[in-house]
Amino acid sequence: MGDMANPTILTVDDDPAVSRAVARDVRRRYGERYRVVRAASADDALDAVREIKLRGEQLALVLADYRMPQMNGIEFLEAVMDLFPLARRVLLTAYADTGAAIDAINVVDLDHYLLKPWSPPEENLYPVIDGLLEAWLSAPDPAVSETRVVGHRWSAPSFAVRDFLTRNLVPYRWLQAEEPEGASLLTAAGLTAEDVPLVVTADGKSLVAPTESELATHVGLSTRPTSDFYDLVVVGAGPAGLGAAVYGASEGLRTVLVERQAAGGQAGQSSRIENYLGFPDGVSGAQLTDRARRQALRFGAEILSTREVVGLDAAGAGRVLRFGDGSTITAHSVVLATGVSYRRLDAPGLADFTGAGLFYGSATTEALSCRGEEVYIVGGANSAGQAAVHFSRHARRVHLLIRSGDLRRSMSHYLIQQLDAIENIEVHPWTEVAGGSGDDHLEQVVLRDARSGETHTVDCSWLFVFIGAEPRTEWLTGVVARDPRGFVLTGPDLLAGGHRPPGWTLPRDPYHLESSVPGVFAAGDVRADSVKRVASAVGEGAMAVSLVHRYLEAQ
Ligand SMILES: Cc1cc2nc3c(=O)[nH]c(=O)nc-3n(C[C@H](O)[C@H](O)[C@H](O)COP(=O)(O)OP(=O)(O)OC[C@H]3O[C@@H](n4cnc5c(N)ncnc54)[C@H](O)[C@@H]3O)c2cc1C
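This is a predicted model, so every value here is computed, not measured.

Undergrad: Sorry, what's going on with the sheet that holds strand S1 (residues 8-12) here?
TA: Sheet architecture is open: five strands sit in the order S2-S1-S3-S4-S5, paired in parallel fashion. The open sheet has two edge strands, strand S2 (35-39) and strand S5 (112-115), and neither has a second partner. Shown here is a sheet whose adjacent strand axes are inclined to one another by a mean of 20°, direction ignored. Sheet topology places strand S4 (residues 88-93) next to S5; four bridges connect them, and they run parallel.

Put into structure tokens, the structure is as follows:
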């Protein structure tokens, strides 16, 4: 919208005849390059200004009558200044009011006052407006065509909104409620700093503290299936799920991919994947996700966002998946690709600071906010190492806290070498987090020596946790066989003691990636004993689809 729409010239006068005359004269000369908006009252004009602000469009010039019943022209121009400080301001006055107009030059930094009537406009109106527009064009308020988020730096709900948009690859501009642009957007939406987060979409809609599904709908992500029956439902849109969707759809299966949060899964949160085949210079998780998502859509897969699957009913031939809101979707076959989630850091005092200084993953959302600050990262595996490298470009110093004596057993050799070469990264061996405290955000953490048990406290407002991961598969309890840690058992792993799994009725063994329920497959990190890598997840997604074909042919 923003950069497509012409900048606006707004005129406001409560006398209809004058109002029409100004707008007509202005439109005649400037109508091709500017949108001329005419208002018949100060209230209507302010509504128009607020809307222009929310839509991210530009206001170049305002011509306001001095004598208006609701508020005089000076008060009106003052209100406009709050939203568009750079718009040029002209007061229309009768001869008797010139004193007030002269005062206004100081009060609202008036650019000009015009005496009514102004004819002929060629002499009295256009030269003035030409000059003002020229000045405005040299320093305009920029048009904004992207979503804007207004919030507080340490507010967990504000973080959740930004994280959701970042992970769904929706470009947005982050504005703090205290900065002028943030404050003026709040004013334009009729809100105060207490009401954050405010999301203003590219087309000017304002959403106050939206839920993820509201956000998804407004930023153009699909949330509802177009059909209630599919050949294949893929649950989870990480690399395994995206892989399954690309292969399923490209091979002609009616495929829907259901994701509870954001496509990309863990890989989407990776700042740089260096070991994925075909990308010799590495690829960011966001880039890989964007490409995979577009590829899946191009082949005709549907992708539903912000839809969490909470139940699977395998009675009969159809496989019925239930969503959190009670609605269902049915398919001939299912690929479970729900991956794993970060384990929570379990130390006293920390729980309240999630999103307010304590973050799980989220390196890509927060890196810029940490410019010049001390950052603490917990974890000794590749994900923590990548995050340390990423943060080191912005933070003053990055502290990597690891429980063991060194990184060799848990991190790839290439990453250890990278860490060694970066001056502002410090690895703290034998160190665990024993607690945290702060006021409205995390301010200190207690660190414990894993050998001696001794503790000390450090100032810390940025703590990023990358410790191990667990599958969230409780919703499969009693339906699909899992190992004691919750990973889905498949293929040969189900044939303990040479017996097929309980309830298995087919005269064949489960296929390689097939779970204990025929037609329900598992791929990627959620599968027991899988290799926890992007390439293997994608490979398993593709392989699961070939097994789905085999399953469907035998039906
Ligand atoms: C920061 C980081 C860096 C990494 N770097 C590398 C690397 O450099 N190289 C490498 O090979 N590997 C790397 N990995 C590991 C790699 O990302 C994972 O092995 C891979 O993402 C696993 O893919 P997946 O599809 O099985 O699961 P995931 O990526 O975990 O995706 C699962 C998806 O399912 C969704 N989901 C879960 N439950 C439900 C439900 N009930 N309903 C709907 N949706 C659901 C989740 O929201 C998620 O999007 C990294 C991991 C992290 C976290």
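Past the structure itself, the notes keep going.
Undergrad: Any chance you could explain the site of the ligand here in plain terms?
TA: Every one of the 33 residues lining the ligand counts as a neighbour, but Glu259, Gln266, Tyr342, Gln386 and Asp525 are closest to it. Measuring from an oxygen atom of the ligand, one finds a backbone N or O atom of Pro239 at 3.2 Å. Between Asn275 and the ligand, the recorded distance is 2.8 Å, taken from a side-chain N or O atom to a nitrogen atom. Relative to its unbound accessible surface of 1,000 Å², the ligand loses 95% to contact with the protein. Taken together, the elements giving at least two residues each to the shell around the ligand come down to helix H10 (239-250), helix H11 (265-268), helix H14 (382-392) and helix H16 (534-553). When residues in the shell around the ligand are grouped by element, the largest group, three residues, is from H11. Residues belonging to the shell around the ligand are distributed by class as follows: 15 nonpolar, 11 polar and seven charged.

Undergrad: How should I be thinking about the side chain of Asp25 in this particular structure?
TA: With respect to the secondary-structure elements, Asp25 resides in helix H1 (residues 16-30). With sequence-adjacent residues up to four places away left out, Asp25 is seen in contact with Trp118, Pro121, Leu125 and Tyr126.

Undergrad: What's the story with the packing of H10 against H16 in this structure? I'm lost.
TA: In helix packing, the relevant descriptors are the interaxial angle and the interaxial distance, both defined with respect to the helix axes. Two elements in contact, H10 and H16, have axes whose closest approach is 7 Å; the angle formed by their N-to-C orientations is 35°. As H10 runs across H16, the sense of the crossing is right-handed. On the side of H10, the interface is formed by Pro239, Ala240, Gly243, Ala244, Tyr247 and Gly248, while H16 contributes Val534, Ala537, Val538, Gly541, Ala542 and Val545. Of the residues belonging to the contact of H10 with H16, the class tally is nine nonpolar, three polar and no charged.

Undergrad: Before we go on, may I ask you to explain the packing of aromatic side chains in this structure?
TA: Describing an aromatic ring pair means giving the distance of the ring centres and the angle of the ring planes. Under the counting rule described, the total for this entry stands at 10 aromatic pairs. The interplanar angle of 80° and the centroid separation of 5.9 Å between the aromatic rings of Tyr30 and Tyr126 together place this pair among those described as edge-to-face. Separated by 96 residues along the polypeptide, Tyr30 in helix H1 and Tyr126 in helix H6 (residues 126-138) bring together distant segments of the chain. For the pair Tyr30 and Tyr126, one class covers both residues: buried. Geometry around Trp174 places Arg162 over its ring, the cationic atom sitting 4.3 Å from the centre. Sitting over the ring of Phe323, Arg307 keeps its end group 4.2 Å from the ring centre.

Here is what the cut-offs are and how they apply
Residues numbered from 1 in each chain as written. Predicted model: local features only at pLDDT ≥ 70, side-chain atom pairs only at ≥ 80, totals over all residues. Heavy atoms only, no water. Pairing = 2+ DSSP bridges. Helix = DSSP H or I, 4+ residues; strand = E, 2+ residues; numbered from the N terminus. Axes fitted to C-alpha atoms, helices over the stretch in contact; angles between N-to-C directions. Near = heavy atom within 4 Å. Polar contact = N/O pair within 3.5 Å; in protein donor to acceptor, adjacent residues only side chain to side chain. Areas by Shrake-Rupley, 256 points an atom, 1.4 Å probe, with all protein chains shown as cover. Nonpolar A, V, L, I, M, F, W, Y, C, P; charged D, E, K, R; others polar. Contact = heavy atoms within 4.5 Å. Left-handed = near helix turned anticlockwise from the far one by under 90°. Phe/Tyr/Trp six-rings, centres within 6.5 Å; stacked < 30°, edge-to-face > 60°. Buried < 20%, exposed > 50% of the residue type's maximum accessible area, 1.4 Å probe, protein only. Lys NZ or Arg CZ within 6 Å of the ring centre and 35° of its normal.

Interpretation note: all reported values are geometric properties and have no functional meaning in isolation.
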